Amino acid sequence: MSTIAVTPERFTLVAYDADRIAEITRGLAERLQLTNPIVIEVDERTPLGKMSASVDSASSDATIRLQLESGALEDTKNLTNFSDTRAHLSLGRLLLRASDRLRDDFADAPPDRDLTNAQNTAWKVYCGGRLERLGLAPIQQQYRYDFRNRFGFRDDVDTLFDRLWASENLGWHDLPG
Amino acid sequence: MRQFFPVDDLARDERFVQTNMAKRMADSRSAVGVKKSAKSRGASNRLTPDRHDASEAARSLMHGIMVGEIQALEGAGRTAHDFAAGDGSGDTIPFELKLDMARQAWDEARHVEISAKLSDWMGTELGQFSENTVLFEAACSNDPVLRLAGVNRALEGLAIDVFTQMKEFGQLAGDPFLEFCEDWMLADEVTHVKMGSDWLRKVTENDPDRRAKALEFQQVVDKLFSFGGARGDSDESPIGLARRFRELAGFTDDEVDTIAEMDHDALEERKAAVRLAQEAAGV
């Protein structure tokens, strides 16, 4: 079972619970068969929703580091409140990304902060399809719209999206961008 | 049919959760840099497709447009109904003004349908974001002239800014539906503002005090609709001031400059409030 540390331990600007974040992450890690230690850092000073995942090495016991702005875990109907559904999707996407980074065929993937918008979106779509097959409920049309914004509003782009959404076991160089 | 409908009684189904400006401004987080003299993140916050969160931000704004259109429909409909036809003095409004409000309600209903379809196209579920009822609140005045100032000039003026931003977003992203729909709705909004400007002048032609009061009210509403500087000339504001379209709608350069100054003040006030709140919270 993964050890999970969440900072801050106590939130002051948003109504989030570090224990609940850890619990959701633990459940997702088990489903993804990830046993690595996980460190989660939430920036509660901003309502934006940028997030990133990194691993400190490619070894099987590498520490996974997830960084999220508070909007990534937020209930958009009740601002500053936590959304279980959103948290599952955001943390699930980051854990899938970290899990990819532990694979040899993702060794060439740049750090998240250096990804282009197109690379970031393509990887997000690849994660979105897998989240759906894990039993979560990402809204596919959102991912499709994001993908069209980055790659174009054309039929061939939609075909590429469908292929990515349905894929498993891709390597970094299989992703467009 | 009931007149003067309070904001708490607006009809919504269970998908919608409403909020207001007080709750919105109580949020002590900020998307812009709040340190003194620091420009946020060293880059523009303007809502353009090259932002990393472009689609999500556009979805949120599109949903805001949709609920704003619902409230604009409700506001125009109320003004057509709440006041008796007359010569414009007291609580009466000219019959032709009623007709303009009815036409506006028809336009807004079409905008609601368009915005709902655009939201669907962008992957947004109806009610996915909270609905800020500040727009309807500006449409609740007992004086029809204040409604013209608050709704047709301030609210619809904001709509001009927002639609221009979204139209440019669609154009840059290559989204044919977004660009096309926003352009058509923008044309209607320019007409709505023009109607407000014309009627405000006409109804207060012989009552300078009433006109001054209405314009003062418009400034209060304009500052509210800046949403803490979310709209303004500054690159820190996601939504710009659409000066050319405002000019077409009857705003003078001085009026737009005044709005720009209020937007700037609202942004600085918001940053100061967030800075204080975050310092108090020790983050």
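Residues numbered from 1 in each chain as written. Chains lettered and ligands numbered in written order. Predicted model: local features only at pLDDT ≥ 70, side-chain atom pairs only at ≥ 80, totals over all residues. Heavy atoms only, no water.

As for the overall build of chain B
Line of reasoning, step 1. Counting secondary structure elements, chain B contains nine helices and four strands.
Line of reasoning, step 2. In chain B, the succession of helices and strands from N to C terminus is β-α-α-β-β-α-β-α-α-α-α-α-α.
Line of reasoning, step 3. For a compact globule of 283 residues, the expected C-alpha radius of gyration is about 19 Å, and chain B comes in at 19 Å, within 12% of that figure.
Line of reasoning, step 4. With the C-alpha coordinates of chain B rotated into their principal frame, the extents come out at 55 × 40 × 35 Å.
Line of reasoning, step 5. Going through the 283 residues of chain B one by one, you find that 54% of them count as buried.
Line of reasoning, step 6. Of the roughly 12,500 Å² that chain B leaves accessible, carbon and sulfur atoms contribute 55%.
Line of reasoning, step 7. One finds the centroid of the 35 positive side-chain charges in chain B at a distance of 3 Å from the centroid of its 52 negative side-chain charges. (Helix = DSSP H or I, 4+ residues; strand = E, 2+ residues; numbered from the N terminus. Rg over C-alpha atoms; globule rule 2.2 N^0.38 Å. Buried < 20%, exposed > 50% of the residue type's maximum accessible area, 1.4 Å probe, protein only. Areas by Shrake-Rupley, 256 points an atom, 1.4 Å probe, with all protein chains shown as cover. Lys, Arg positive; Asp, Glu negative; His and termini not counted. Charge placed at Lys NZ, Arg CZ, Asp CG, Glu CD.)

Some details on helix 9 (residues 253-281) of chain B
Helical geometry: 3.6 residues make up each α-helical turn, so side chains three or four residues apart lie on a common side.
Residues and elements named next belong to chain B.
Line of reasoning, step 1. Between its terminal C-alpha atoms helix 9 stretches 42 Å, which fits the 42 Å expected from 29 residues at 1.5 Å a residue.
Line of reasoning, step 2. On its buried side, helix 9 packs onto helix 1 (21-25), helix 7 (208-224) and helix 8 (243-248).
Line of reasoning, step 3. A positive backbone phi angle near 70° is found at Gly282, which sits one or two residues after helix 9. (Expected span 1.5 Å × (residues − 1). Contact = heavy atoms within 4.5 Å.)

Quick look at the packing of aromatic side chains
Line of reasoning, step 1. This structure, assessed with the given rule, holds 16 aromatic pairs over all chains.
Line of reasoning, step 2. Seen in terms of ring centroids, Phe225 of chain B and Phe227 of chain B are 6.3 Å apart; in terms of plane orientation they differ by 15°. Their pairing is stacked.
Line of reasoning, step 3. Residue Phe225 of chain B is classed as buried on the basis of its relative accessible area of 0%.
Line of reasoning, step 4. Overall, the relative accessible area of 28% leaves Phe227 of chain B in the partly exposed class.
Line of reasoning, step 5. What links up through ring pairs into an aromatic cluster is the set Tyr143, Phe147, Phe151, Phe161 and Trp165 of chain A.
Line of reasoning, step 6. Lying over the aromatic face of Trp123 of chain A, Arg97 of chain A brings its terminal NZ or CZ to 4.5 Å of the ring centre.
Line of reasoning, step 7. Directly above the aromatic system of Tyr126 of chain A lies the positively charged group of Arg130 of chain A, at a separation of 3.5 Å from the ring centroid. (Phe/Tyr/Trp six-rings, centres within 6.5 Å; stacked < 30°, edge-to-face > 60°. Lys NZ or Arg CZ within 6 Å of the ring centre and 35° of its normal.)

Describing the interface of chain A and chain B
Line of reasoning, step 1. Taken together, the contact pairs 30 residues of chain A with 36 residues of chain B.
Line of reasoning, step 2. For the pair chain A and chain B, the summed buried area comes to about 2,800 Å², and 51% of that belongs to carbon and sulfur atoms.
Line of reasoning, step 3. Where chain A meets chain B, there are three salt bridges.
Line of reasoning, step 4. Between the two partners, chain A and chain B, sit 17 residue pairs in polar contact (both at pLDDT 80 or more). (Buried area = accessible area lost by both parts, 1.4 Å probe. Salt bridge = Lys/Arg side-chain N within 4 Å of Asp/Glu carboxyl O. Polar contact = N/O pair within 3.5 Å; in protein donor to acceptor, adjacent residues only side chain to side chain.)

Things to note about the domain arrangement of chain A
Often, the extent of an interface is quoted as the loss of accessible area upon association of its parts.
All names here are of chain A.
Line of reasoning, step 1. The domains assigned to chain A are domain 1 (4-102) and domain 2 (112-174).
Line of reasoning, step 2. Domain 1 puts 14 residues into the contact, and the matching count from domain 2 is 15 residues.
Line of reasoning, step 3. Between domain 1 and domain 2 lies a buried interface of about 1,300 Å² when both sides are counted; carbon and sulfur atoms form 60% of it.
Line of reasoning, step 4. The largest per-residue losses of area from domain 1 upon contact with domain 2 belong to Leu89, Arg93 and Arg97, which jointly make up 42% of the total buried on that side.
Line of reasoning, step 5. Where domain 1 meets domain 2, there are three salt bridges.
Line of reasoning, step 6. Put simply, Arg97 and Asp112 hold a salt bridge, and the shortest N to O gap is 3.4 Å. (Domains from an automatic or database assignment.)

Some words on the sheet that holds strand 4 (residues 64-69) of chain A
Residues and elements named next belong to chain A.
Line of reasoning, step 1. Strand order across the open sheet formed by four strands is 1-2-4-3, with mixed pairing between neighbours. In this open sheet, the two strands that pair with only one neighbour each are strand 1 (4-7) and strand 3 (51-55). Each neighbouring strand pair of the sheet contributes to a mean axis angle of 15°, computed without reference to strand direction.
Line of reasoning, step 2. Bridge analysis of strand 2 (residues 38-43) against strand 4 gives six bridges, and the strand direction is parallel. (Pairing = 2+ DSSP bridges. Axes fitted to C-alpha atoms, helices over the stretch in contact; angles between N-to-C directions.)

What about the nonpolar core?
Residue and element names in this part refer to chain A.
Line of reasoning, step 1. By size, the foremost hydrophobic cluster in this structure holds 54 residues, and its most contacted members are Ile21, Ile40, Leu66, Leu68, Leu73, Leu91 and Trp123.
Line of reasoning, step 2. Lining this core are residues from two domains, each supplying at least three of them: domain 1 (4-102) and domain 2 (112-174).
Line of reasoning, step 3. Excluding its chain neighbours within four sequence positions, the residues that come into contact with Leu73 are Tyr16, Ile21, Val42, Leu68, Asn81, Phe82, Ser83, Arg86, Ala87, Ser90 and Leu91. (Core = buried A, V, L, I, M, F, W, Y, C linked by side-chain atoms within 4.5 Å.)

Examining the packing of helix 7 of chain B against helix 9 of chain B
Residues and elements named next belong to chain B.
Line of reasoning, step 1. One can describe the packing of helix 7 onto helix 9 by two numbers: an axis separation of 9 Å at closest approach and a directional angle of 45°. Overall, the two elements helix 7 and helix 9 adopt an arrangement that is oblique. For the pair helix 7 and helix 9, the crossing hand works out as right-handed. Packed against helix 7, whose contacting residues are Gln219, Asp222 and Lys223, the element helix 9 presents Thr258, Ile259, Met262, Asp263, Ala266 and Glu269 at the interface.
Line of reasoning, step 2. Residue composition of the contact of helix 7 with helix 9, by class: three nonpolar, two polar and four charged. (Parallel < 35°, antiparallel > 145°, perpendicular 65-115°, else oblique. Left-handed = near helix turned anticlockwise from the far one by under 90°. Nonpolar A, V, L, I, M, F, W, Y, C, P; charged D, E, K, R; others polar.)

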